[in-house]
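In case you want the letters, here they are:
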Amino acid sequence: MNNIVLRVRDLRVDFGAHAVIRGVSFDLCSGETLSLVGESGSGKSTLARAILRLLQPAQGSAEFLGVDLLRCPPAVLRAQRRGLQIVFQDALASLDPRMTVGESIGEPLRIFEPGLNAGARQLKVRDMLERVGLSPEMTGRYPHEFSGGQCQRIGIARAMILSPKLLICDEIVSSLDVSVQGQIVNLLLDLQDAGMAVLFISHNLAVVRHLSHRVLVMYLGKLVEIAPCDALFESPVHPYTRALLAAVPRMPHAAAAAAPAAPGELAAPDLMASGCAFRDRCPYALPVCESSDPPLLEVAPGHWAACHRSQETLNPLSFVA
Amino acid sequence: MVPTLSVDRLRISFSHRTGIIEAVDGVSFSIAPSECVGLVGESGSGKTQIFMAAMGLLDGNAQVSGSVRFEGNELLRVDGPTLNRVRGSQLTMIFQDPMTSLTPHLTVGTQLAEVMVTHLGMPWKDARSFAGRMLERVHVPEPKRRLTQYPHELSGGMRQRVMIAMSLLCEPSLVIADEPTTALDVTIQAQIIELLRAVRGEFGMALVLISHDLAVVAGLADRILVMYAGSVVENAITGELFKHPRHPYTAELLKCMPSVTGPRLDRLPTLAGQPPRPGEVLEACPFAPRCPRAADRCRVERPQLEGSSTSQVACHFPLTA
């Protein structure tokens, strides 16, 4: 997988005097699903919006198929947006209540393929509805006639109609019941096979585990760990990743988590001035964590973590807190 | 022994322009003193409405029949002053969104003290210092300063701690927690569950935990009620429910839950179909159209909840251990 669809380098976003994304870099290849996890306030959604230039980053680049989206002229950006689509958390709110779902799904075609006549457009819309598991007969209905899970499929259908190279999903299963959640996840698994790159933002680690090739963990606007999915869940290195995994509620018959949960809450911005932002919640913090910001180091092939003790935490048996 | 709460053949329906919508369809159960009961079901299953009825908080278009008794006294169809003697003091509720359940223009201290001034006739000054001590007991850091703060100055987790403190002020016999962690991050969720466990041990009250997430309920509840389409379909001791679910819906729900442990799946199991639309009158088992075990009998005769008080199932063909 070396055909890189998205290359993000040293991306920074400031809200006023606050840095909310602090130098994030990663690559995303075609056919790959990269999940973005972290608590609210960690900057996951902001990162997605910055990549799409829905807000203006302070620094860095986001190259989509070789074109830097953050610096290209508006006309170029508009043309590029055809290849990158986003689906939002609140499915009903992201559909126009006065448009039938057929009109909503067909709208991107109307904009980007004006040559297509209404009949051909209708055919594509019906085909897409079928692909997301809805009946093509439903094109004339309005969003309020659908359940939450169905609205989410309509949102995905609208994003997919132009066959984008990159799909960004911002918490798209968070508001769904478990029985419906599986259907949406399975739909995304099908789309992966079709070669699309997916940036999947979620706080639901169980869903992330079944869906992703790689996982990127953010804490207070910083990338703290990025690893292949199995490595992240089986041998997490950063204490924050461990705390996140430990906090997931388990079924009574499941094995208990080995790591301690994180006390406290997301830190105040003044902690970000120097050192590791997680240090006040970290059970393993050392004096060095206060004075210097831990660099992102490769601890195993493809597995990077930003922790001063990353070499120790890799092996939990030899590690004493 | 008088149960803390006994619900008997409770029916709640709402009149709507499209007709009468049954939200709760003849539900009966009881909760013993100091017992922790989990109430689990998907959105629309009626789990919240049961307790909105108990608290006298149903919408104006609701019709209620049956009975809800709190320590032997009927709560339905009583006047406001009678209800207010227990509501907010002996019988309290914690909601999903602690921002909207706290008053935005009053300080935390005033809101907490008001409870004791109203219910116990305590002088304001004493009530405020008592409120400060209660915040300390729910591990709110700097309780003195928090008393002077407004809800918007607190984080979501801290607000939920304030709500928990408020619910405990008059040493209640029953606290109802409706999705108390759904709006919170996973690490904060773990802290709040831990706190609920601790206060339950300390205060000895009965606790109802309403959630759509079986795993959240699993760690806390002694017994779990599973709801589907307005009815309780299974009632079982927590460990038993996870080991040997008897209702096919419970079994399917457990299968659908993705896990952070165990094997990674190529596809997530899903539950086909939809719950019945509210308002549909059902002669048959409401789960029959989605049930892998459904037989002819299930499509003509509605099963009743039967069994002992700690092991009940509403199914013609329950699973056996």
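Quick word on the overall build of chain A
Thought 1: Scanning chain A from N- to C-terminus turns up 11 helices and 12 strands.
Thought 2: Here the C-alpha atoms of chain A give a radius of gyration of 21 Å, agreeing with the 20 Å that 2.2 N^0.38 yields for 321 residues.
Thought 3: Oriented by its inertia axes, the alpha-carbon framework of chain A measures out at about 65 × 50 × 35 Å.
Thought 4: Counting across all 321 residues of chain A, residues that qualify as buried make up 46%.
Thought 5: Excluding contacts between residues fewer than 6 apart, the proportion of contacts in chain A whose partners are at least 24 apart in sequence is 61%.

Some words on the overall build of chain B
Thought 1: Scanning chain B for helices and strands turns up 11 helices and 12 strands.
Thought 2: Since a compact globule built from 321 residues should have a radius of gyration of about 20 Å, the 21 Å found for chain B is in line with a globular shape.
Thought 3: Dimensions of chain B, computed from C-alpha atoms along their principal axes, come out at roughly 65 × 50 × 40 Å.
Thought 4: In chain B, buried positions account for 45% of the 321 residues.
Thought 5: Here the analysis covers contacts within chain B between residues at least 6 apart in sequence; of these, 64% occur between residues at least 24 apart.

A closer look at the environment of B:Pro104
Residue and element names in this part refer to chain B.
Thought 1: Relative to the elements of secondary structure, Pro104 occurs in the loop between helix 3 (98-101) and helix 4 (108-120).
Thought 2: On the neighbour-count criterion, Pro104 (9 C-beta atoms within 10 Å) is exposed.
Thought 3: Pro104 sits 47 residues away from Pro151 along the chain, and the two C-alpha atoms are 5.9 Å apart.
Thought 4: Apart from residues lying up to four places away in sequence, Pro104 is in contact with Tyr150, Pro151 and His152.

Concerning the interface of chain B and chain A
Thought 1: With 35 residues of chain B at the contact, the number on the chain A side is 33 residues.
Thought 2: Per-element accounting of the side of chain B that touches chain A gives the leading share, 5 residues, to helix 8 (residues 186-203) of chain B.
Thought 3: Looking at side-chain class alone, the side of chain B that touches chain A contains 16 nonpolar, 13 polar and 6 charged residues.

A word on the sheet that holds strand 9 (residues 214-219) of chain A
All names here are of chain A.
Thought 1: Strands sit in the order 6-7-8-3-9-10-12-11 across an open sheet of 8 strands; the sheet is mixed. Only two strands of the sheet have a single partner each, and these edge strands are strand 6 (84-87) and strand 11 (297-300). Ignoring which end each strand starts from, the neighbouring axes of this sheet average 20 degrees apart.
Thought 2: Of the pairings in the sheet, the one linking strand 3 (residues 33-37) to strand 8 (residues 197-201) comprises 4 bridges and is parallel in character. Paired with Ser35 across the two strands is Phe200, which belongs to strand 8.
Thought 3: Sheet contacts for helix 9 (residues 239-247): strand 3, strand 9 and strand 10 (222-228); angle to strand 9, the most-contacted strand, approximately 105 degrees.

Some details on the domain arrangement of chain A
Residues and elements named next belong to chain A.
Thought 1: Split into domains, chain A comes out as domain 1 (4-83 + 164-318) and domain 2 (98-161).
Thought 2: Once you take the C-alpha centre of each, domain 1 and domain 2 turn out to be 31 Å apart.
Thought 3: On the side of domain 2, 9 residues touch domain 1, which itself brings 10 residues to the contact.
Thought 4: Sort the elements by how many residues they give to the side of domain 1 that touches domain 2 and helix 6 (residues 178-193) lands first, with 4 residues.
Thought 5: Its residues assigned to classes, the side of domain 1 that touches domain 2 comprises 7 nonpolar, 2 polar and 1 charged.

A few points about the sheet that holds strand 2 (residues 19-31) of chain B
All names here are of chain B.
Thought 1: Reading across from one edge, 2-1-4-5 is the order of the 4 strands in this open sheet, with antiparallel pairing throughout. Two strands lie at the open edges of the sheet, namely strand 2 and strand 5 (73-74), each paired on one side alone.
Thought 2: Alignment of strand 1 (residues 5-16) against strand 4 (residues 62-70), held across 8 bridges, turns out to be antiparallel. In the sheet register, Val7 faces strand 4, and the bridge partner there is Val68.
Thought 3: In the packing of helix 1 (residues 47-54) onto the sheet, contacts are made with strand 1, strand 2 and strand 4, and the angle to strand 1 comes to roughly 105 degrees.

Quick notes on the pairing of strand 8 (residues 206-211) of chain B
All names here are of chain B.
Thought 1: The buried count for strand 8 comes to 6 of 6 residues, which makes it a mostly enclosed element.
Thought 2: By the alternation rule, side chains of strand 8 split into Ala206, Val208 and Ile210 and Leu207, Leu209 and Ser211, which are all buried.
Thought 3: Direction of pairing for strand 7 (residues 174-178) relative to strand 8: parallel, over a ladder of 5 bridges. Looking at the pairing, Ile176 lines up with Val208 of strand 8.
Thought 4: In this view, the connection linking strand 7 to its parallel neighbour strand 8 by way of helix 8 has right-handed handedness.

Concerning the packing of helix 3 (residues 101-112) of chain A against helix 4 (residues 118-131) of chain A
All names here are of chain A.
Thought 1: Put simply, helix 3 and helix 4 touch, their axes get as near as 9 Å, and they point 120 degrees apart. With respect to each other, helix 3 and helix 4 are oriented oblique. For helix 3 against helix 4, the interelement crossing comes out right-handed. Where helix 3 abuts helix 4, its residues Gly102, Ile105, Gly106, Leu109 and Arg110 lie against Arg121, Lys124, Val125, Met128 and Leu129.

Remarks on helix 9 of chain A
Thought 1: When you tally the buried positions in helix 9 of chain A, you get 9 out of 9 residues, the bulk of the element.
Thought 2: Among the residues making up helix 9 of chain A, those that are buried are A:Pro239, A:Tyr240, A:Thr241, A:Arg242, A:Ala243, A:Leu244, A:Leu245, A:Ala246 and A:Ala247.

What counts and how
Residues numbered from 1 in each chain as written. Chains lettered and ligands numbered in written order. Predicted model: local features only at pLDDT ≥ 70, side-chain atom pairs only at ≥ 80, totals over all residues. Helix = DSSP H or I, 4+ residues; strand = E, 2+ residues; numbered from the N terminus. Rg over C-alpha atoms; globule rule 2.2 N^0.38 Å. Buried ≥ 20, exposed ≤ 12 C-beta atoms within 10 Å, placed from the backbone. Contact = placed C-beta atoms within 7 Å. Nonpolar A, V, L, I, M, F, W, Y, C, P; charged D, E, K, R; others polar. Pairing = 2+ DSSP bridges. Axes fitted to C-alpha atoms, helices over the stretch in contact; angles between N-to-C directions. Domains from an automatic or database assignment. Right-handed = clockwise from strand over helix to strand, strands pointing away. Parallel < 35°, antiparallel > 145°, perpendicular 65-115°, else oblique. Left-handed = near helix turned anticlockwise from the far one by under 90°.

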